[in-house]
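# Structural overview for review
Below are the chains, spelled out letter by letter.
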Amino acid sequence: QVQLVESGGGLVQAGGSLRLSCAASGRTLSRHAKGWFRQAPGEEREFVAAISWSGITKYYADPVKGRFTISRDNAKNMVYLQMNSVKPEDTAVYYCAARPIVDARTRTADYDSWGQGTQVTVSS
């Protein structure tokens, strides 16, 4: 498995921006696709964005399309989530995930490594 550590969460006003980072360690020589998921209180964990190992293929959940951008730097073993024009409904704990296959996927069940999460709170 890969160890993942998220950072960059915090409190931001609606309309503002935030950049989440995820550092990977462990079996990083393997070609892992990466994803971001989020979980609000009382809700199930939901897909946000995913990126293939090459970085060419990206998927986004409909609520974040046009506002969030996922990217990665394989040389640094990092993946990022740039969050722009944030809304109060984006408030959640955001999790980074990895799967030991190059192709990106959107289901939580497709990922076998998870970070501890970082809190994002958007005030109105």
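Here, the structure is the one placed above.
Residues numbered from 1 in each chain as written. Predicted model: local features only at pLDDT ≥ 70, side-chain atom pairs only at ≥ 80, totals over all residues. Heavy atoms only, no water.

### A look at the packing of aromatic side chains
- Enumeration according to the criterion identifies four aromatic pairs in this entry.
- Residues Phe37 and Phe47 carry aromatic rings whose centres are separated by 5.7 Å and whose planes lie at 70 degrees to one another, so their mutual orientation is edge-to-face. Residue Phe37 is located in strand E4 (residues 33–39), and its partner Phe47 is located in strand E5 (residues 46–51); the two are separated by 10 residues in the primary sequence. Accessibility assignment for this pair places Phe37 and Phe47 in one class, buried.
- Grouping aromatic residues by their ring pairs yields a cluster made of Phe37, Phe47, Tyr111 and Trp114.
- Over the ring of Tyr80 we find Arg19, and its NZ or CZ is 4.0 Å from the ring centre.
- Above the face of the Trp114 ring, Arg45 is positioned so that its terminal group lies 4.9 Å from the ring centre. (Phe/Tyr/Trp six-rings, centres within 6.5 Å; stacked < 30°, edge-to-face > 60°. Helix = DSSP H or I, 4+ residues; strand = E, 2+ residues; numbered from the N terminus. Buried < 20%, exposed > 50% of the residue type's maximum accessible area, 1.4 Å probe, protein only. Lys NZ or Arg CZ within 6 Å of the ring centre and 35° of its normal.)

### Details of unusual backbone geometry
- Although it is not a glycine, Asn77 sits at a positive phi angle of roughly 55 degrees.
- With respect to the secondary-structure elements, Asn77 resides in the loop between strand E7 (68–73) and strand E8 (78–83).
- Its identity is not glycine, yet Ser85 carries a phi of approximately 50 degrees, on the positive side.
- Looking at the element boundaries, Ser85 is found in the loop between E8 and strand E9 (92–99).

Just distances and angles here, no functional claims.
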